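Here's the letter readout for the chains.
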Amino acid sequence: MTPDSKIFVAGHRGMVGSGVVRKLKAAGFTNIITVRRTEVDLTREEPTLEFLMDQRPDVVVNSAAKVGGIYANNTYPAEFLHENLAMGLNLVHGSYKAGVGRLLNLGSTCIYPREAPQPIPEDSLLTSPLEKTNEAYALAKIAILKLCQYYRKQYGVLFHSAMPTNLYGTGDNYHPENSHVLPGLIRRFHEAAEAKKSEVVVWGTGTPLREFLHVDDLAEAVLHLLSLENPPDWVNVGTGVDCSIRELAETIASVVGFQGELVFDPSKPDGTPRKLTDISRIRETGWDAKISLKEGLERTYREFCEGLADGSVRL
Ligand SMILES: NC(=O)C1=CN([C@@H]2O[C@H](COP(=O)(O)OP(=O)(O)OC[C@H]3O[C@@H](n4cnc5c(N)ncnc54)[C@H](OP(=O)(O)O)[C@@H]3O)[C@@H](O)[C@H]2O)C=CC1
Ligand SMILES: C[C@H]1O[C@H](OP(=O)(O)OP(=O)(O)OC[C@H]2O[C@@H](n3cnc4c(=O)[nH]c(N)nc43)[C@H](O)[C@@H]2O)[C@@H](O)[C@@H](O)C1=O
């Protein structure tokens with residue numbers, strides 16, 4: 001990739017896509033192209049192919065997806081499988097047809113088996129059953145990871161994937177039900193503190209373990225992976241550190257300044273018990289996360305409050 005490479009970032013209005021665009025601009029890339037969903041719906045084959053044939057980018061970053069937390073994944077499995085498969089198929093096949101030489105596809109660590117060894121190595125893929133709450137999403141992500149691997153093997157194009165752990169940060173979705181745990185709890189604790197409530201409900205038992213990576217660290221990993229001459233077909237991207245949902249909730253309560261009680265609701269699903277990534281493979285190539293959870297949370301809460309004030313936050 002050179003500074004004038006034509007780079008198409010799909011999903012540029014989302015948390016990851018906007019983070020990647022920010023990082024590309026900061027690194028001096030000048031020929032970044034984007035398109036809104038209202039102009040090109042990436043679940044539709046014809047307009048996606050037309051756009052790619054017309055633009056003929058050198059590089060594509062696939063950060064477009066239907067994304068949500070445990071409730072959204074569990075409630076809308078048909079859309080999670082259908083839309084994510086369609087977007088992935090159209091972007092990967094369309095990129096091949098349009099002569100794109102390099103494509104980086106974003107997956108997720110939910111592709112690994114529910115009972116994978118911890119920390120999870122890349123080669124545990126497809127060794128045992130998936131976690132049921134996000135099976136639909138994971139199936140779509142696995143299919144597109146494999147599609148990239150097969151195009152690379154069969155046609156020699158450099159199509160590869162990154163598997164990030166749970167992400168958070170600038171541009172996240174703060175919807176009360178459909179968001180992930182970290183933005184969901186920031187909003188709930190903030191509203192409880194404002195309303196001087198005595199308790200906040202946290203879904204599940206609080207015992208599941210999760211790993212959280214700031215989107216700016218992920219965006220650096222994306223640029224790093226795009227700079228490798230011979231990147232792995234897929235690679236984990238994480239911090240290598242996890243914490244329980246109870247610990248996360250207590251840290252968010254302290255950052256937000258909520259002093260009441262935490263009430264766990266075990267009628268809500270816990271999801272996978274643990275998904276800590278084995279990050280030795282990406283570390284060996286020279287990338288490591290820089291932003292600690294505490295630092296990232298403080299920054300994210302500051303940005304959430306600013307976003308509430310200026311109306312830019314995704315509620
Ligand atoms: N958030 C997380 O914790 C994690 C995310 N990832 C992966 O990172 C990638 C990006 O996720 P994230 O940024 O969080 O998600 P967001 O929901 O923030 O962004 C998704 C983007 O995809 C776009 N999009 C969705 N459907 C379509 C469509 N039919 N046509 C065109 N564009 C569409 C959205 O457009 P619009 O703005 O118009 O809605 C949005 O810009 C995904 O592949 C996800 O699986 C992986 C691990 C964890
Ligand atoms: C990134 C990843 O994200 C998803 O997997 P997940 O890690 O299970 O997602 P989550 O962030 O929604 O929940 C993590 C844990 O936290 C608990 N929890 C407590 N209170 C709230 C709460 O208020 N909201 C949410 N969402 N969860 C809560 C919740 O019960 C669970 O135990 C998949 O979409 C998957 O496809 C994927 O890729």
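Refer to the preceding data block for the structure.
Because the structure is predicted, anything quoted here is derived from the model rather than measured. (Residues numbered from 1 in each chain as written. Chains lettered and ligands numbered in written order. Predicted model: local features only at pLDDT ≥ 70, side-chain atom pairs only at ≥ 80, totals over all residues. Heavy atoms only, no water.)

Chemist: Just checking my understanding: could you explain the overall build of the protein for this structure?
Modeler: The helix and strand inventory of the protein stands at ten helices and twelve strands. Over its C-alpha atoms the protein spans a radius of gyration of 19 Å, differing by no more than 12% from the 20 Å that the globule rule assigns to 315 residues. Expressed as lengths along the three principal axes of its C-alpha atoms, the size of the protein is roughly 60 × 45 × 40 Å. A total of 315 residues make up the protein; the buried ones form 53% of that total. Within the protein, contacts between residues at least 6 apart in sequence are counted, and of these 81% link residues at least 24 apart. Just so you have it, the protein exposes about 14,100 Å², and 49% of that area is on carbon and sulfur atoms. (Helix = DSSP H or I, 4+ residues; strand = E, 2+ residues; numbered from the N terminus. Rg over C-alpha atoms; globule rule 2.2 N^0.38 Å. Buried < 20%, exposed > 50% of the residue type's maximum accessible area, 1.4 Å probe, protein only. Contact = heavy atoms within 4.5 Å. Areas by Shrake-Rupley, 256 points an atom, 1.4 Å probe, with all protein chains shown as cover.)

Chemist: Would you mind going over the nonpolar core with me for this structure?
Modeler: If you look at soluble globular proteins, the nonpolar side chains tend to sit buried side by side. Val20, Leu24, Leu218, Val222, Leu225, Val237 and Ile282 are the most contacted members of the largest nonpolar core, which has 30 residues in total. Only β1 (7-10), α1 (15-26), β3 (59-62), β4 (102-106), α7 (215-227) and β10 (234-237) provide two or more residues apiece to this core. For this core, the element with the most residues is α7, which contributes eight residues. Excluding residues that lie within four positions of it along the chain, Val237 makes contacts with Ala162, Met163, Pro164, Thr165, Leu213, Leu218, Ala221, Leu225, Ile279, Ile282 and Trp287. In terms of nonpolar packing, the next biggest core, distinct from the first, is built from 25 residues, Tyr174, Leu182, Val200 and Val202 among them. (Core = buried A, V, L, I, M, F, W, Y, C linked by side-chain atoms within 4.5 Å.)

Chemist: Just to check I follow, could you spell out the pairing of β1 for this structure?
Modeler: Residues in a regular strand point their side chains to alternate faces of the sheet. By the alternation rule, side chains of β1 split into Ile7 and Val9 and Phe8 and Ala10, which are all buried. Direction of pairing for β1 relative to strand β2 (residues 32-33): parallel, over a ladder of two bridges. Paired with Phe8 across the strands is Ile33, a residue of β2. Handedness of the crossover is the feature at issue here: the chain leaves β1, passes through α1, returns alongside β2, and the resulting connection is right-handed. Strand direction decides the pairing type here: β1 and β3, joined by four bridges, are parallel. Counted as the bridge partner of Ala10 is Asn62 from β3. (Pairing = 2+ DSSP bridges. Right-handed = clockwise from strand over helix to strand, strands pointing away.)

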